[in-house]
Amino acid sequence: MQITAMPNRQSSAVSSAPSTPSRASRSAHDRPPRRQRGLAAVAQLLALLALAGLVGLAGWLGYRYTFDAALARQAERGQVQLRLYGQALSSELARYDFVPSLLSLDDEISALLARPDDPARVAAANAHLAAVNTRAGTLAVFVLDRQGRVRATSNWQRPDSYLGEDLSFRPYFQAAIDGQLGRFYGVGTTRDESGYYLSAPLGNGNGQRPSGVAVVKVGLEPLEQRWQTADMQMLLSDENGVVILASEPSWKLRARRPLSAAQRERLNRSLQYNRAPLDPLEFTRVRAMNNGDALVRMRRGPSMLEQNAMLPGTEWQLTLLTDTSQARMAALNTAALCGVLTAFVLLLGAAWNVRRRIVSERLAARAALEAANSELERKVAERTADLTSANHLLQTEIAERIRTERELRQAQDGLLQAGKLAAVGQMSTGIAHELNQPLAALRTLSGNTQKFLARGDLATAQANLGTIIGLVEKMGRITGALKSFARKPGRNGKGSALLADAIDNALFLLETRVQAVRPEIVRDVDRTLMVACDPNRLEQVLVNLIGNALDAMAADPAKRPPRLELRAAVAEGMVRCTIRDNGPGLSEEAFARLFEPFFTTKPAGQGLGLGLTLSAGILDEYGGTLIASNHPDGGACFTMVLPMAGKETHDGAHTQ
Ligand code: ADP
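Per-chain numbering applies: the sequence of each chain, read as written, is numbered from 1 onward. In view of the model being predicted, local features appear only for residues whose pLDDT reaches at least 70, and side-chain atom pairs are presented and counted only at 80 or more, with totals across whole chains, interfaces and linings using the full set of residues. As a rule here, side-chain values come from all non-hydrogen atoms in the structure, and water together with hydrogens is ignored.

Engineer: What is the right way to read the overall build of the chain from this model?
Structural biologist: Secondary structure follows DSSP: runs of H or I at least 4 residues long count as helices, runs of E at least 2 residues long count as strands, and numbering of each begins at the N terminus. For the chain, the helix and strand inventory stands at 15 helices and 19 strands. With a 1.4 Å probe rolled over the protein chains alone, any residue whose accessible area is under 20% of its type maximum counts as buried; one over 50% counts as exposed, and the rest are partly exposed. Across the 656 residues of the chain, 38% fall into the buried class. Contacts are assigned to residue pairs that have any heavy atoms within 4.5 Å of one another. Considering only residue pairs separated by 6 or more positions, the chain has 61% of its internal contacts joining residues 24 or more positions apart. Note that accessible areas follow from Shrake-Rupley with a 1.4 Å probe, and for residues the cover is restricted to the protein chains shown. Roughly 37500 Å² of accessible area belongs to the chain as shown, and the carbon and sulfur atoms make up 56% of that amount.

Engineer: Before we go on, may I ask you to explain the environment of Val286 in this structure?
Structural biologist: Inspection of the secondary structure puts Val286 in strand E9 (residues 284-288). Between the C-alpha atom of Val286 and that of Met298, which follows or precedes it by twelve residues, the distance is 9.9 Å. In contact with Val286, other than residues within four places in its own chain, are Leu295, Val296 and Arg297.

Engineer: Help me understand empty space enclosed by the protein, please; the structure alone is not making it clear to me.
Structural biologist: In this approach, a probe sized like a water molecule rolls over the atoms, and the result shows the empty space that is left. Only protein atoms enter the 1 Å grid used here. Points where a 1.4 Å probe fits but cannot escape make up a cavity, open sets with protein on both sides within 12 Å along at least five of seven lines make up a pocket, and a residue lines them when an atom lies within 4 Å of a point. Grid points are joined across faces, edges and corners, and a volume is the space filled by probe spheres set on the points. Scanning all chains against the criterion turns up four cavities of 30 Å³ or more. In this model, the largest cavity occupies a volume close to 60 Å³. Lining the largest cavity are Phe142, Tyr162, Glu165, Leu167, Arg170, Tyr172, Gly188, Thr189, Thr190, Tyr197 and Lys217.

Engineer: I would appreciate a short explanation of helix H15 (residues 611-621) in the present structure.
Structural biologist: Each full turn of the α-helix corresponds to 3.6 residues, which orients residues three or four apart in the same direction. Taken residue by residue, H15 has Leu612, Leu614, Ser615, Ala616, Ile618 and Leu619 as its buried positions. Where H15 terminates, the next one or two residues include Gly623, which has phi positive at roughly 80°.

Engineer: Honestly, a nonpolar patch on the surface in this entry has me stumped. Any pointers?
Structural biologist: By definition, no residue in a patch forms a salt bridge, and every one has over 30% relative accessible area; like charges are joined within 9 Å, nonpolar side chains (Val, Leu, Ile, Met, Phe, Trp, Tyr) within 5 Å. Salt bridges are identified by distance alone: a Lys or Arg side-chain nitrogen within 4 Å of an Asp or Glu carboxyl oxygen. A cluster of nonpolar side chains, namely Val42, Leu45, Leu46 and Leu49, defines an oily patch on the protein surface of about 400 Å² accessible area. Mapped onto the fold, Leu46 is located in helix H2 (residues 34-94). Given the relative accessible area of 53%, Leu46 is considered exposed.

Engineer: Which parts of the structure should I look at to understand the packing of helix H13 (residues 535-554) against H15?
Structural biologist: The axes of two packed helices give the description: the angle between them and the distance between them. Their axes nearest at 9 Å, the elements H13 and H15 cross at an angle of 145°. Crossing of H13 against H15: the hand is left-handed. Across the interface between the two elements, Arg537, Gln540, Val541, Asn544, Leu545 and Asn548 of H13 pack against Gly611, Leu612, Ser615, Ile618 and Glu621 of H15. Charged means Asp, Glu, Lys or Arg here, nonpolar means Ala, Val, Leu, Ile, Met, Phe, Trp, Tyr, Cys or Pro, and polar covers whatever is left, Gly included. Each residue belonging to the contact of H13 with H15 can be placed in one class, and the counts come to four nonpolar, five polar and two charged. Axis angles are defined between N-to-C directions and span 0 to 180 degrees, where every axis is a line fitted to C-alpha atoms and, for a helix, only to the segment in contact. By definition, any crossing whose near helix is turned counterclockwise from its far helix by less than a right angle is left-handed, and any crossing with a clockwise turn is right-handed.

Engineer: What is the right way to look at the sheet that holds strand E10 (residues 294-297) in this model?
Structural biologist: Sheets are built from strands paired through backbone hydrogen bonds, the pairs being either parallel or antiparallel. Two strands make a pair as long as DSSP finds a minimum of two bridges between them. Spatial ordering of the open sheet is given by E8-E7-E12-E11-E10-E9, a layout of six strands whose pairing is antiparallel. Across the chains shown, the open sheet's two edge strands, defined by having one partner strand only, are strand E8 (243-246) and E9. Between one strand axis and the next, the sheet turns through 30° on average, direction left out of account. Relative to strand E12 (residues 317-323), strand E11 (residues 303-310) is paired through seven bridges, and the arrangement is antiparallel. Counterpart to Met304 in the pairing with E12 is Asp323.

Engineer: Help me understand the side chain of Ser154, please; the structure alone is not making it clear to me.
Structural biologist: Tracing the backbone shows Ser154 in the loop between strand E3 (150-153) and helix H6 (171-177). Setting aside chain neighbours within four positions, we find Ser154 in contact with Asn126, Leu129, Ala130, Asn133, Ala140 and Val141.

Engineer: For this particular structure, what's the right way to read the site of the ligand?
Structural biologist: When we say a residue is near a molecule or strand, we mean one of its heavy atoms is within 4 Å of it. Around the ligand, a shell composed of 19 residues is seen, among which Asn548, Thr600, Thr601, Lys602 and Gly609 lie nearest. The definition of a polar contact used here is a pair of N or O atoms within 3.5 Å, where within protein one atom must be able to donate a hydrogen and the other to accept one, and adjacent residues in sequence count solely through side-chain atom pairs. The separation between a nitrogen atom of the ligand and a polar side-chain atom of Asp581 is 2.9 Å. Here Gly609 contributes a backbone N or O atom positioned 2.8 Å from an oxygen atom of the ligand. Protein contact buries 92% of the 530 Å² of open area that the ligand shows by itself. Here the residues of the shell around the ligand are counted per class, giving ten nonpolar, seven polar and two charged.

Engineer: I'm lost on the sheet that holds strand E6 (residues 212-218) in this one. Help?
Structural biologist: One open sheet accounts for five strands, arranged E3-E2-E6-E5-E4; its pairing is antiparallel. Lying at the two open borders of the sheet, with one neighbouring strand each, are E3 and strand E4 (182-187). Shown here is a sheet whose adjacent strand axes are inclined to one another by a mean of 25°, direction ignored. Where strand E5 (residues 194-202) lies against E6, seven bridges are found, and the strand directions are antiparallel. Following the sheet pairing, Ala200 is matched in E6 by Ala214. Of the strands in this sheet, strand E2 (140-145) and E3 are in contact with helix H5 (residues 119-136), which crosses E3 at around 55°.

Engineer: Teacher, can you tell me more about the packing of aromatic side chains here?
Structural biologist: How two aromatic rings sit relative to each other is given by the distance of their centres and the angle of their planes. Pairs were defined over the aromatic rings of Phe, Tyr and Trp, the Trp ring being its six-membered one, requiring ring centres within 6.5 Å. Orientation was assigned from the angle between planes: stacked under 30 degrees, edge-to-face over 60, tilted for the rest. Taken as a whole and assessed by the stated rule, the structure comprises eight aromatic pairs. Plain terms: the ring middles of Trp251 and Phe283 are 5.6 Å apart, the flat faces sit at 80° to each other, and that makes the pair edge-to-face. Of this pair, Trp251 sits in the loop between E8 and helix H8 (261-270) while Phe283 sits in the loop between H8 and E9, and the two are 32 residues apart along the sequence. Each member of the pair Trp251 and Phe283 is classed as buried. An aromatic cluster is built from Phe142, Tyr162, Tyr172, Phe184 and Tyr197, whose rings are joined through pairwise contacts.

Engineer: Help me out: how do you make sense of the environment of Asn155 in this one?
Structural biologist: Among the structural elements, Asn155 can be located in the loop between E3 and H6. Looking at Asn155, the relative accessible area reads 4%, which means it is buried. Distance from Asn155 to Asn133, taken between C-alpha atoms, is 9.0 Å for residues 22 residues apart in sequence. Setting aside its immediate chain neighbours within four residues, Asn155 contacts Ala140, Ser161, Tyr162 and Arg191. In this structure the side chain of Asn155 is engaged in a polar contact, spanning 2.4 Å, whose partner is the side chain of Thr153.

Next up, the structure:
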C-alpha cells in the first residue's frame, strides 16, 4: 500500500462547448430535398430543349427563306434558259418546214406521181430527193403516193431503203393526205432510227385531193448533244407525254405520264415509237411552287427544279431540270449562321441573366454579412461587458486569494515553527541530560583544577583545563544545533543541501533519543549527493521522519532489536532517500489519516500530529514528494523524493 503526499491537484473541469449539430446532419439539412433537385434538373432540361428548339427554329427559318429566295432566282434564270432553248428548238424545226412543200413544185416529183411505176421517173425522183436530202442536211426525204406507199426516197441506194414500204398508217401521212402539214416524232420502223417527220401534201392545188405526200425526216440528235454539254438536264416530251429528246439518253422514249390502254393500242398501231416499252419516267414531286414550277426528285437523287414550257405551235413540252444543290448549300450556310447567331444571342441572354442573379445574390449576401457583422459587433460588445465584469470579479477573487494565501503561509509558518518547537520540546529532556552531564563534569573538574593549582600541580591542572575546553565546545555544538534548528528559514523554495550533512545534523539533534533506542543504523548515502532544498528545511523533514522511526521502534511491542536504515539513490534526476525502521509499521487508521494535521497516535505531550503534514508540505514546495509505505518485512518506510542539485566537489563547491 502506498500513499503519496502530493497534494491532490484537482483537474479543472473542462466545460464542453454547447453541442452543435454535426456537419453531416447540418449539410443534410441545408441540402435541398431530392424532389426539389429533381424539379431543378427537369427545368434545366426543359430550358436546354427550349434553347435547342429555338436554335433549330431559327436555323429552319433561315434555311427556308434562303432556299426559297435562291430557288426564285434559279427559277428566273431557268425561265430565261427555257425560253432560249425553246426558241432554238422551234427555229431548228422550222428550218425544215419548207422542204416538203418545196417538193410539190418539183417536176421530177410531179412526173413520178403521174406515173409512179415508170422506173426512169422513179430513178430521176430518187436522185433528186437524194440531192435535196444532202442539201437540206436531213435524215431522209421521201415521197408517198396517195395510198401511202413510198415511191421515191433519198435513201433508195441503201439496202434498208424505204422504197416500196407502205407507210399509210403513219399519222404524218394521214395529216398530209388530209391536206394539212404533218408534224410527227417517231421511231423509224425500218432502221429503228428516231426522227422528226414533216409532211406536206403534193399536187393538191385547186382544191384537189393530194396525189401524194412529201416527207422529210429530220434528226434532232445535234440539239440533244448541245443539251448534254449544259450543266442542267433538258427533255422534250411530245403530245403523248413520251420523251423524245433528253440530255440524259436513258430518259428517251419513256412516258412522263401514265398511258392508258387505248393510247398504248393506238401508238402500237401507228408504230410511232416502233413498239418501244415506254416505261414511265416519273419524278417524285417534292414541292409544287406557285408559278407552276416544282421541286422534284428522281428516286434517291438530289432534288431538282422542274420548269416546263410548251414549244410554240406544237403540243410538245420542253422541260428544264436544274440542280438545287447550290441553293441548298446557301440555305444550309444561312441556317448554320442563323442557328449560331440565335445560340449566341440566347447564351448572351443566359449569361446576362446569370450575371444579374449573381449580382443580386452578392448584394443579398453583402446585406446578410452586414447584418451578421452588426449582430456580431453587438454580441462582442455584450460579451466584452460580461468579460469586463467577470474580469473585475476575477481580480477581486485573485486579490482575495493572494491575501488568503499570505494568511495561510503565515499560519503554515506558525505551524512549522510550532512543529519545530514541539520537536525541541521533545528533545528538551535529552538536551537537558546532554547539558547536565558536561556541566556536572565541569563542576568537578574545575574544583579539582583549583586544588591542583593550589598544590602547584600545573600539569594536571593544564590537562583538566583541556578537558574543560572540550566539554564546553560539545555544549556549544548542542546549543548551536538547537539554535539553527529553531531558526526561521527564508521562504523562497530555493537552495540546495548536502543530503549526508543534513542526515548527520538530524541524527546529532536526535542524539539523546538515538542513545535511548540504540538502533543498528544502516547508512548508505553518498556524501556528495546534493538535493534542491533549503538545508534547514531538509533537516526539519529528516528530524521528523527519523524521530517518528525512533518513536515507533521504541514503542514496538515485539521488542525486536531496533534497526534504522537510511539509503539514498538517484533515478531520472530525482534523489530518493528512504528512512526505514523495523517498528510495528503504519496501522490502517494511520494510513488513512497520515497527512491530516494534528493526527497522532502518540501520548499527549509527545506528539502534535503535525510532523508528516509539514514534511510533505516542505517537500512539495521544493518540487518533491513524500511516499509512505509498510515494508513487506515489517516496519514503516518513508521515501523522500527531491530533485537532485548536483554533486559536491572536493574543494567544497558543488556542481549543478
Ligand atoms: P506525531 O509524530 O506528532 O504524532 P506525525 O505527523 O509525525 O505526528 O505522525 C503522525 C502519526 O503517524 C503518528 O502519531 C504515528 O501514529 C504515525 N507514524 C508516523 N511515523 C511512523 C512510523 N515510523 N511507524 C509507525 N507509525 C508512524
